[in-house]
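For reference, the chains in residue letters:
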Amino acid sequence: MSAQRSKILAIIGQGYVGLPLAMAAVDAGWTVIGIDNFAAKVEQINGGSSPVEDISDTQLQAAISKSVYTATTDFSLVSRASVITICVPTPLDDKREPDLTLLRNAVTAIAPYISNETLVVSESTSYPGTLRDIVIPIINQNKSKDSKSVHFASAPERVNPGDAIWNQKNTPRLIGAIDQESQERALDFYESICGAAISVSTPEVAEAAKLLENTFRLVNIALINEFTQLCSAGGINVHEVIDAASSKPYGFMPFRPGVGVGGHCIPVDPLYLTWWARQNGSKAAFIESADSINHAMPKYVAERALSMVGENIKNPKILIIGVAYKPGVGDVRETPVSELRAHLMAKGAEVAWHDPLVPIWEGTNSVGLEWECDVAIIATNQPGMKLTELISKGIQILDCTNSLNGQKSVSSL
Ligand SMILES: NC(=O)c1ccc[n+]([C@@H]2O[C@H](COP(=O)([O-])OP(=O)(O)OC[C@H]3O[C@@H](n4cnc5c(N)ncnc54)[C@H](O)[C@@H]3O)[C@@H](O)[C@H]2O)c1
């Protein structure tokens, strides 16, 4: 069977990447089959309840009711698709090295059902060579005999969850395919969804560009986190310095300090790069150093907060405000606030937390902002939080988000 001319897209993985892609494709006139191996999530989505903040229930329900989108656990349905995109997680293992188990599982599961002339695109972030050395061999070994011609491209996702400006449509997409035919088909597909699709010469260039983008963020965040500690020790407000430097119209881009880096991209992707460097006999010393600086931030923040507690208080009560890894999302994966909480508790503090987007975290519930405490740490400034009410309570506040500038009881990171 040839699925080439059907405008049917199958997306493997219905998370922060897969579901927004599904809705963007629906908007562009595609019929989308959203495949996920997590049955409860599939049930939730088909019930019209979106698991990601950037997609509203209304948008999801409209697509389901028009029969242009459905979620399923049935991998065999990829046979109907002319394009398959893979959007499954690519985390780190216990040794903080790339763990492609989920990607391999997903590719193995779809391989027997891929129709002839289908385009298979990997959107998952990974090291250069993943498409060519892992995805393609698995599919070629397991595909049906009738599927003589399968096309392959890498188009790493760049979505930024919670971003009100940049989305699937207006963020240009990099595309690197294994041959001219695959490249043209991938360009056709992404041009139907995105404002701009940019060709690069190989899948490896696209894969490496994605790692460069996120490593750029990691090292700049590390730089500003280190610089913050220098400024604090020297009695200068780092934010005033950043604002001042930002007046330079070229050659400077402001980054802000924080509790560390979180989520599944910035703390993870650069380690795909350092691992890949090691496989090629190189060493990414600068990136490894940046990673260490960011990892040390939760401890630094904990120590700063504890230094604000009165000497006579043995077991201070500390309220952490915002535990998601960034504002606007309820995503707590890799959140540096986890280490911050652990450091505070290890020093004998009684710690509670508040986050309007995270009801339960690490086996505990979010408390109200009125929770009595000695010090409050603003770790993530979630939208809608009434932070000014904290000031009127007169408690000490360590603001890691630069949200409460110039207030007497507020210390900036
Ligand atoms: N979230 C982001 O901000 C972002 C941005 C750009 C790129 N990425 C990359 O995109 C990829 C996906 O990330 P995400 O944030 O969407 O992850 P996610 O955890 O939000 O969603 C992934 C989904 O894939 C499903 N899944 C896991 N294994 C599967 C399998 N074998 N078969 C079918 N479904 C499977 C999970 O149940 C989950 O619903 C990763 O490589 C990530 O690095 C993420």
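Residues numbered from 1 in each chain as written. Predicted model: local features only at pLDDT ≥ 70, side-chain atom pairs only at ≥ 80, totals over all residues. Heavy atoms only, no water.

A. The arrangement of the sheet that holds strand β8 (residues 197-199) in detail. In spatial order, the strands read β3-β2-β1-β4-β5-β6-β7-β8; together these eight strands make up an open sheet with mixed pairing. Of all the strands in the sheet, just β3 (69-72) and β8 have a single pairing partner and so form its edges. Adjacent strand axes in the sheet meet at a mean angle of 25 degrees, parallel and antiparallel pairs treated alike. Across the face of the sheet, helix α5 (residues 130-142) comes into contact with β4 (83-86), β5 (119-122) and β6 (151-154) while running at roughly 150 degrees to β6. Its contacts with the sheet place helix α6 (residues 180-191) against β1 (8-12), β4, β5, β6, β7 (173-177) and β8, and it is angled at close to 160 degrees to β7. (Pairing = 2+ DSSP bridges. Helix = DSSP H or I, 4+ residues; strand = E, 2+ residues; numbered from the N terminus. Axes fitted to C-alpha atoms, helices over the stretch in contact; angles between N-to-C directions. Contact = heavy atoms within 4.5 Å.)

B. Up close: the packing of helix α4 (residues 101-110) against α5. For the pair α4 and α5, interaxial distance at closest approach is 8 Å and the crossing angle is 35 degrees. With respect to the hand of their crossing, α4 and α5 are arranged in right-handed fashion. Contacts between α4 and α5 involve Leu 103, Arg 104, Val 107 and Thr 108 on the former and, on the latter, Thr 130, Ile 134, Val 135, Ile 138 and Ile 139. (Left-handed = near helix turned anticlockwise from the far one by under 90°.)

C. The pattern of salt bridges, seen in detail. One pass over the full model with this rule turns up 15 salt bridges. Ionic pairing is found between Arg 341 and Glu 362, a salt bridge with its closest N-O pair at 2.7 Å. Residue Arg 341 is found in helix α11 (residues 337-346), and its partner Glu 362 is found in the loop between β11 (360-361) and β12 (364-365); the two are separated by 21 residues along the sequence. Looking at Arg 341, the relative accessible area reads 10%, which means it is buried. (Salt bridge = Lys/Arg side-chain N within 4 Å of Asp/Glu carboxyl O. Buried < 20%, exposed > 50% of the residue type's maximum accessible area, 1.4 Å probe, protein only.)

D. Quick peek at the site of the ligand. Taken together, 27 residues form the shell around the ligand, and within it Asp 36, Lys 41, Thr 90, His 264 and Arg 333 come nearest. Asn 37 is positioned such that a nitrogen or oxygen atom in its backbone is 3.4 Å from a nitrogen atom of the ligand. Residue His 264 places a side-chain N or O atom 3.2 Å away from a nitrogen atom belonging to the ligand. The element contributing the most residues to the shell around the ligand is α4, with three residues. Among the residues forming the shell around the ligand, the class breakdown is 13 nonpolar, nine polar and five charged. (Near = heavy atom within 4 Å. Polar contact = N/O pair within 3.5 Å; in protein donor to acceptor, adjacent residues only side chain to side chain. Nonpolar A, V, L, I, M, F, W, Y, C, P; charged D, E, K, R; others polar.)

E. Molecular detail of the side chain of Ser 409. Positionally, Ser 409 belongs in the loop between β14 (396-399) and β15 (410-412). Within the structure, the side chain of Ser 409 is placed 3.5 Å from the backbone oxygen of Ile 395, a separation counted as a polar contact. In this structure, Ser 409 is in contact with Ile 391, Ile 395, Gln 396 and Ile 397, ignoring residues within four places of it in sequence.

F. Inspection of unusual backbone geometry at higher detail. Located in the positive-phi region is Ser 67, a residue other than glycine, with phi close to 60 degrees. Counting through the fold element by element, Ser 67 comes out in the loop between α3 (57-65) and β3. Positive phi is not limited to glycine here, since Asn 402 has a value of about 55 degrees. Owing to a relative accessible area of 19%, Asn 402 belongs among the buried residues under this scheme.

G. Main features of empty space enclosed by the protein. Overall, the coordinates contain one cavity of 30 Å³ or more when judged by the stated rule. In this model, the largest cavity occupies a volume close to 30 Å³. (1 Å grid on protein atoms, 1.4 Å probe; cavity = no way out; pocket = protein on both sides within 12 Å on 5 of 7 lines; lining within 4 Å. Points joined across faces, edges and corners; volume = space filled by probe spheres on them.)

H. Focus on the packing of α5 against helix α7 (residues 203-233). For the pair α5 and α7, interaxial distance at closest approach is 9 Å and the crossing angle is 110 degrees. When the axis of α5 is compared with that of α7, the two are roughly perpendicular. For the pair α5 and α7, contact is made by Thr 130, Leu 131 and Arg 132 and by Pro 203, Glu 204 and Glu 207, respectively. Along the lines of polarity and charge, the residues of the contact of α5 with α7 split into two nonpolar, one polar and three charged. (Parallel < 35°, antiparallel > 145°, perpendicular 65-115°, else oblique.)

I. Looking closely at the pairing of β14. The sheet contact formed by strand β13 (residues 375-378) and β14 spans four bridges and is parallel. What sits directly across from Ile 377, in β14, is Leu 398. As paired strands, β14 and β15 are joined by three bridges and run parallel to one another. The residue bridging Ile 397 from the neighbouring strand is Val 410, located in β15.

J. Representation of the environment of Glu 339 in the model. Mapping Glu 339 onto the fold places it in helix α11. On a C-alpha basis, the gap between Glu 339 and Thr 380 in space is 14 Å, while along the polypeptide they are 41 residues apart.

K. Main features of the sheet that holds strand β9 (residues 317-321). As summarised here, the arrangement of the five strands in space is β10-β9-β13-β14-β15, forming an open sheet in which the pairing is parallel. The strands lining the two open edges of the sheet, one partner per strand, are β10 (350-354) and β15. Taken pair by pair, the neighbouring strands of this sheet meet at an average axis angle of 20 degrees, ignoring direction. Across four bridges, the pairing between β9 and β13 is parallel. Considered in β13, the bridge of Ile 318 is made with Val 375. Across the sheet, α11 touches β9, β10 and β13, and the angle it forms with β9 is around 180 degrees.

L. Summary view of the nonpolar core. Ile 12, Ile 84, Ile 86, Ile 110, Val 120 and Ile 139 are the most contacted members of the largest nonpolar core, which totals 51 residues. The biggest single contributor to this core is α7, with seven residues. Contact partners of Ile 12, with chain neighbours within four places excluded, come to Ile 35, Phe 75, Val 78, Ile 84, Thr 85, Ile 86, Cys 87, Val 88, Ala 106 and Ile 110. Judged by nonpolar contacts, the second largest core, of 35 residues, contains Tyr 16, Met 23, Val 32 and Val 83. (Core = buried A, V, L, I, M, F, W, Y, C linked by side-chain atoms within 4.5 Å.)

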